[in-house]
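Understanding the architecture of this molecule
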There are 2 protein chains.
Amino acid sequence: MKTKTVPPRAADRIRETARDLFYREGIRAIGVDEIVSRAGVTKPTLYRSFSSKDELAAAYLEDYDKAFWQRFELGSGEHPDDPRAQLRVYLEGLARRATQSGYRGCGLSNAAVEYPQGDHPARKVAEANKRALRKRLVAMAKAMGAAAPDELGDGLLLLIEGVYSSGQLFGKGGPARALVAIADRLIDASIPRKK
Amino acid sequence: MKTKTVPPRAADRIRETARDLFYREGIRAIGVDEIVSRAGVTKPTLYRSFSSKDELAAAYLEDYDKAFWQRFELGSGEHPDDPRAQLRVYLEGLARRATQSGYRGCGLSNAAVEYPQGDHPARKVAEANKRALRKRLVAMAKAMGAAAPDELGDGLLLLIEGVYSSGQLFGKGGPARALVAIADRLIDASIPRKK
DNA sequence: CGGCGATGTTACTGACCGGTACGTCCTGCC
DNA sequence: GGCAGGACGTACCGGTCAGTAACATCGCCG
């Protein structure tokens, strides 16, 4: 009970507000003034918790990364020994979200578009997430019994990234609706017949 | 011969410079001052040819759209009656470009990330291009004899957009290297056996 | 030669950007 | 009760943003 029972909200509110605004509007499009005003705090408060806007953006992406893995691993609990079913849970949820109007894609991929230079703190978080995702997908492909797990893993990654991107371009009736069927077809075609 | 033999360079140089800078660094990241200084012109000159930065961005994307279709239809000349081979030509070139370091993805998709609001002139160009591409891919899938052309067309679009996005995230050894093999597998699995 | 359109020059605007020096208030502890 | 220290706000900084006004200069064409 030494830790404050009401751990001063300011920093958390800033993080939440930044998360919403950065995701919906883009990082470069949102100024710190708008963040602090919507969060009901002031700029010095923000800069006491984050050394710069870039660091705040990186923190936002760290949060996003955490939330992503939570979504991605949701199927692992439901189907502990069936990697294909695990992946399917994520793909179905993704296809649903990505075919709603207002979908904004992946915050991490979007950040990489906004910050092309490799040394930006936000980009580093994005790249690390994508490398981990690629590794995870290859591992899943291997567990599915794919003849060429690297290839299937990369194929799945291409499909997923394609959904992030096209989802925000097409909205409601977009190509993401075909995701599950396409992934199924691709996986089938990549696993040696087990008959 | 009434049209000027040397149509004053200024507007064209601005367009070219904007194209390079917007593509490599992003639209929001580049100010008009940098464009005019690199183009060797001055701001009033820019604003005599383009009513605003947003319109200049739209013009850049129009140019990009034109160049895109040129690349995309490159295989149509080489293989007039083989849609699968036509597409393959584009995919091979794309996979090559997207696995080089410094690849920046698709200028149109990137612009849509930078400008999420549907009424922005740049986004309109991007969306129109993507709708046309989707239509073209479905038509190609149909011409290939796909059982479900809409589905295959959308699957190909997902793969292509996935390459744009992941190409700029992974660079040299990225998942784009699997593009051609994956597309082949997917197409094979989507066309009724013709044996 | 006269004139006109395209371009350059200079200087400026008001808004907004990220970031900060400094004062104030509130809380907990002796 | 009073003081220390942390949390927060007020007010401001210099720089950059997109966009413009007023005027000078060049070169082509009649």
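That block above? That's the structure.
Below is a short write-up of the structure. These numbers come from a predicted model, not from an experiment. (Residues numbered from 1 in each chain as written. Chains lettered and ligands numbered in written order. Predicted model: local features only at pLDDT ≥ 70, side-chain atom pairs only at ≥ 80, totals over all residues.)

Observations concerning the overall build of chain A
The secondary structure content of chain A amounts to 10 helices and 0 strands. Scanning chain A from its N terminus toward the C terminus, one meets helices and strands in the order α-α-α-α-α-α-α-α-α-α. The principal-axis extents of the C-alpha atoms in chain A amount to approximately 65 × 45 × 30 Å. Counting all 195 residues of chain A, 44% fall into the buried class. (Helix = DSSP H or I, 4+ residues; strand = E, 2+ residues; numbered from the N terminus. Buried ≥ 20, exposed ≤ 12 C-beta atoms within 10 Å, placed from the backbone.)

Describing the interface of chain B and chain A
Each partner contributes to the interface: chain B provides 42 residues, whereas chain A provides 42 residues. Broken down by secondary-structure element, the contributors of at least two residues to the side of chain B that touches chain A are α1 (10-25), α7 (107-114), α8 (121-143), α9 (149-170) and α10 (179-190) of chain B. With 15 residues, α9 of chain B is the single largest residue contributor to the side of chain B that touches chain A. In terms of residue class, the side of chain B that touches chain A is built from 19 nonpolar, 10 polar and 13 charged. (Contact = placed C-beta atoms within 7 Å. Nonpolar A, V, L, I, M, F, W, Y, C, P; charged D, E, K, R; others polar.)

Concerning the relation of the copies chain B and chain A
Mapping chain B onto chain A calls for a screw motion: a turn of 180° about the axis and a shift of 0.0 Å along it, with 0.1 Å RMSD after fitting. Between the two chains, the operation in question is that of a two-fold axis. Distance from the rotation axis, computed per C-alpha, reaches its smallest value in chain B at G162 of chain B: 1.9 Å. Interface overlap between copies is the fraction of interface residues in one copy that are interface residues in the other; for chain B against chain A it reaches 100%, indicating a shared surface. (Least-squares fit on C-alpha atoms with pLDDT ≥ 70 in both.)

Focus on the protein's contact with DNA strand D
For DNA strand D, the set of nearby residues contains 15 residues, the closest of which are A10 and T42 of chain A together with G31, S52 and K53 of chain B. Looking at the surface near DNA strand D, the elements that each hand over two or more residues are α3 (43-49) of chain A together with α2 (32-39) and α3 (43-49) of chain B. Here the residues of the surface near DNA strand D are counted per class, giving 7 nonpolar, 4 polar and 4 charged. (Near = placed C-beta within 6 Å.)

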